Amino acid sequence: GEGQSHESGLEDLLTVLQRILNSNSAKNSPLVKELIEKNLVENLVKALTSRSEMEGVTNLSTQILKNLLEDPNSKQDVIKRCLEKGLAPSLLHLLETNKEDPAFTNSLLHLLLGLSEASPEVAAKLGDKAFLKALVKETRNILKQEGDDLEALHQAEQNLKHLSALMGGSESVDKIIDEGG
C-alpha cells in the first residue's frame, strides 16, 4: 500500500544518510550540523516513537542517532533534542521487544546511556533491576559470541562500566552477573 512504499523510500534514504555519516569526510563536516538544524534528530525520533513496523527504519534511525552521539560536535545538541522529544521510553520499549538482536540492542543501549548522562530520570530508569539484568545478559552474549571482535568486547566492557556507575558501585553489578543476569 501507500504507507509501505513511503517507508521503504525512507529506508533507502536512511541507508544513504548512514553511509554519509559513517564516512570520514563527515567528521567535522558542516553538513552534520546543518542536518541537525533541519530537524534530523526530531525526524529520527519520530520514526522510532511511531512504533514503525519497518525494522529497517527503526534500525537505521537508531544507528544514525548513535553516530550523531559519537560525534563530539553534535553530541550535546542531539541528546538535548532526543530528551525534549521524549525518546527514552521508546528506546526502552524497543530494548524490551528486540532482545534477540544483539547489534540493535547495543545501539539502543548506547543511545540510552548517552541520554542518561544528561537526564537523571533516564538514568533512574536504566538503574532499574530488570533493565540491568537485560544489559548484563546482552553483554554476556556479546562476550560469548565475539571472542575475537575487540570492538564488541570493548563495547561490552563499556556497558558494564556504565552499569556499575548507575548502580553506585560494583558490588551489586557483580552480584547480578554472578546470578547469571
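What you see is a predicted model; the values in this text were computed from it and never measured.

1. Quick look at the overall build of the protein chain
Here's step 1: Helix and strand counts for the protein chain come out as 11 helices and zero strands.
Here's step 2: Going residue by residue from the N terminus, the α and β elements of the protein chain occur as α-α-α-α-α-α-α-α-α-α-α.
Here's step 3: The contacts in the protein chain between residues at least 6 apart in sequence include a share of 66% that link residues at least 24 apart.
Here's step 4: Total accessible area on the protein chain is roughly 10000 Å²; 51% of this is exposed by carbon and sulfur atoms.

2. Overview of the packing of helix H3 (residues 40-49) against helix H5 (residues 75-84)
Here's step 1: One way to put it is that H3 packs onto H5 with a least axis distance of 9 Å and a crossing angle of 45 degrees. Here H3 lies oblique to H5, going by the angle between them. Considering only the axes of H3 and H5, their crossing is right-handed. Taking contact as the criterion, the partners of Val 41, Glu 42 and Val 45 in H3 are, on H5, Val 78, Arg 81 and Cys 82.
Here's step 2: Its residues placed into classes, the contact of H3 with H5 shows four nonpolar, no polar and two charged.

3. Concerning H3
Here's step 1: Within H3, seven of the 10 residues are buried, which leaves it mostly tucked inside the rest of the structure.
Here's step 2: Those residues of H3 that sit buried are Leu 40, Val 41, Glu 42, Leu 44, Val 45, Ala 47 and Leu 48.

4. Topic: unusual backbone geometry
Generally, phi is negative for residues other than glycine and the peptide bonds are trans, each holding for most cases.
Here's step 1: One non-glycine residue, Asn 39, adopts positive backbone phi at about 70 degrees.
Here's step 2: Looking at the element boundaries, Asn 39 is found in the loop between helix H2 (30-37) and H3.

5. A word on the pattern of salt bridges
Between side chains of opposite charge, a pair can form as their charged atoms come close.
Here's step 1: Under the defined criterion, the tally for this structure stands at six salt bridges.
Here's step 2: Notably, a salt bridge pairs Lys 33 with Glu 37, separated by 3.5 Å at the nearest N-O pair. Separated by four residues within a single helix, Lys 33 and Glu 37 lie in helix H2, roughly one turn from each other.
Here's step 3: Of the residues examined, Lys 33 reaches a relative accessible area of 56% and is grouped as exposed.
Here's step 4: One salt bridge connects Glu 34 with Lys 38, and the closest N-O pair in it is separated by 4.0 Å.

6. A short note on the nonpolar core
The nonpolar side chains of soluble globular proteins are, as a tendency, buried together.
Here's step 1: By size, the foremost hydrophobic cluster in this structure holds 37 residues, and its most contacted members are Val 41, Leu 65, Leu 68, Val 78, Cys 82, Leu 91 and Leu 112.
Here's step 2: Within the residue set of this core, elements represented by two or more residues are helix H1 (2-22), H2, H3, helix H4 (55-70), H5, helix H6 (87-97), helix H7 (102-118) and helix H8 (120-126).
Here's step 3: Here this core gets seven residues from one element, more than from any other, and that element is H7.
Here's step 4: Discounting residues that sit within four places of it in the chain, Leu 65 has contacts with Val 41, Leu 44, Leu 48, Val 78, Cys 82, Leu 87 and Leu 111.

The rules we used
Residues numbered from 1 in each chain as written. Predicted model: local features only at pLDDT ≥ 70, side-chain atom pairs only at ≥ 80, totals over all residues. Heavy atoms only, no water. Helix = DSSP H or I, 4+ residues; strand = E, 2+ residues; numbered from the N terminus. Contact = heavy atoms within 4.5 Å. Areas by Shrake-Rupley, 256 points an atom, 1.4 Å probe, with all protein chains shown as cover. Axes fitted to C-alpha atoms, helices over the stretch in contact; angles between N-to-C directions. Parallel < 35°, antiparallel > 145°, perpendicular 65-115°, else oblique. Left-handed = near helix turned anticlockwise from the far one by under 90°. Nonpolar A, V, L, I, M, F, W, Y, C, P; charged D, E, K, R; others polar. Buried < 20%, exposed > 50% of the residue type's maximum accessible area, 1.4 Å probe, protein only. Salt bridge = Lys/Arg side-chain N within 4 Å of Asp/Glu carboxyl O. Core = buried A, V, L, I, M, F, W, Y, C linked by side-chain atoms within 4.5 Å.

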